[in-house]
Amino acid sequence: MLNKKRKGRLFIISAPSGAGKTTLCHAVLAKLSQIVPSISYTTRAPREGEVTGKDYHFVSPQKFKAMIEEHAFAEWAIVHGHYYGTNKNLIEKSMQEGNDVLLSIDIQGADQLRKLYSDAVSVFINPPSLKELKNRLIDRKSDSQMTIQKRLEVAKKEIAAAPSYQFQVVNDDFEQALEELISIIKSQRHPS
Ligand code: 5GP
């Protein structure tokens with residue numbers, strides 16, 4: 001008999017740093033079933049409290065480059081000076097198992113993934129304004145002033161790419177943004 005198990009779908013979420021994407025993604029994963037995160041590989045150092053295998057697979061540049069050679073990534077990019085990549089086998093296994101996959105990745109990676117998986121759904125999370133974004137980056141106290149400045153420059157380029165996403169959500173009121181994101185996912189996921 002044919003296995004009629006539902007096949008999962010990819011949900012790509014991008015946003016400028018500080019727009020609240022990580023918190024939104026955690027909340028989506030807590031509220032919905034049959035959706036799992038893609039745990040990316042990165043060469044950046046873990047921030048306080050981050051755990052390898054949970055937040056990211058933290059690896060050396062040598063290991064990351066070896067994985068590029070082995071074609072282990074569905075997409076990879078250099079973001080803020082560090083390598084980040086999505087493991088192809090991990091996301092395909094999750095989809096085969098009937099789970100949707102939530103990918104929190106940058107605009108370069110989103111571009112690559114959309115080419116590889118034409119079925120993927122993409123959502124861009126906008127901050128209410130650049131001024132508000134700056135305040136949030138200052139408030140979270142995890143980056144130096146120079147890093148914040150760099151992140152804001154990158155944010156302008158990222159926001160310019162927002163129209164290439166299928167959906168856009170403004171994260172002004174968190175609960176409302178979460179509700180919008182959840183309803184997008186519910187409306188786009190394959191039926192069971
Ligand atoms: P952070 O280091 O602040 O967690 O993430 C920095 C940026 O890298 C964010 O825009 C995040 O979405 C992006 N990112 C995280 N994982 C990946 C990935 O696997 N591929 C790509 N292209 N970007 C990623």
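Owing to the predicted nature of the structure, the values given are computational and were not obtained by experimental measurement. (Residues numbered from 1 in each chain as written. Predicted model: local features only at pLDDT ≥ 70, side-chain atom pairs only at ≥ 80, totals over all residues. Heavy atoms only, no water.)

### With respect to the site of the ligand
Argument step 1. Taken together, 16 residues sit near the ligand, with Lys21, Ser40, Arg44, Tyr56 and Tyr84 positioned nearest.
Argument step 2. Residue serine 40 places a side-chain N or O atom 2.7 Å away from an oxygen atom belonging to the ligand.
Argument step 3. Arginine 44 places a side-chain nitrogen or oxygen 2.5 Å from an oxygen atom of the ligand.
Argument step 4. Of all the elements in the fold, those that place two or more residues in the shell around the ligand are strand 5 (73-79) and strand 6 (82-87).
Argument step 5. For the shell around the ligand, the class distribution of residues is five nonpolar, five polar and six charged. (Near = heavy atom within 4 Å. Polar contact = N/O pair within 3.5 Å; in protein donor to acceptor, adjacent residues only side chain to side chain. Helix = DSSP H or I, 4+ residues; strand = E, 2+ residues; numbered from the N terminus. Nonpolar A, V, L, I, M, F, W, Y, C, P; charged D, E, K, R; others polar.)

### Describing helix 4 (residues 107-116)
Argument step 1. Restricting attention to buried positions, one finds in helix 4 the residues Gly109, Ala110, Leu113 and Arg114. Seen along its axis, helix 4 keeps its buried residues to an arc of 135°; they face one direction.
Argument step 2. Of the surrounding secondary structure, the elements contacted by the buried residues of helix 4 are strand 1 (10-14), strand 5, strand 7 (100-104) and strand 8 (121-126). (Buried < 20%, exposed > 50% of the residue type's maximum accessible area, 1.4 Å probe, protein only. Arc of directions from axis to C-beta. Contact = heavy atoms within 4.5 Å.)

### Digging into the pattern of salt bridges
Argument step 1. Under the defined criterion, the tally for this structure stands at ten salt bridges.
Argument step 2. In this structure, arginine 44 engages glutamate 50 in a salt bridge whose closest nitrogen and oxygen atoms are separated by 2.8 Å.
Argument step 3. Residue glutamate 97 is joined to lysine 93 by a salt bridge in which the shortest nitrogen-to-oxygen separation is 3.0 Å.
Argument step 4. Bridged by salt links that share partners, the residues Arg6, Asp100 and Arg189 form one connected network. (Salt bridge = Lys/Arg side-chain N within 4 Å of Asp/Glu carboxyl O.)

### Quick notes on the packing of helix 5 (residues 130-139) against helix 6 (residues 145-160)
Argument step 1. It is at 11 Å that the axes of helix 5 and helix 6 come closest, and there the two elements cross at 145°. The hand of the helix 5/helix 6 crossing is right-handed. Taking contact as the criterion, the partners of Leu130, Leu133, Lys134, Leu137 and Ile138 in helix 5 are, on helix 6, Ile148, Arg151, Leu152, Ala155, Lys156 and Ile159.
Argument step 2. When the residues that make up the contact of helix 5 with helix 6 are grouped by side-chain class, the tally is eight nonpolar, no polar and three charged. (Axes fitted to C-alpha atoms, helices over the stretch in contact; angles between N-to-C directions. Left-handed = near helix turned anticlockwise from the far one by under 90°.)

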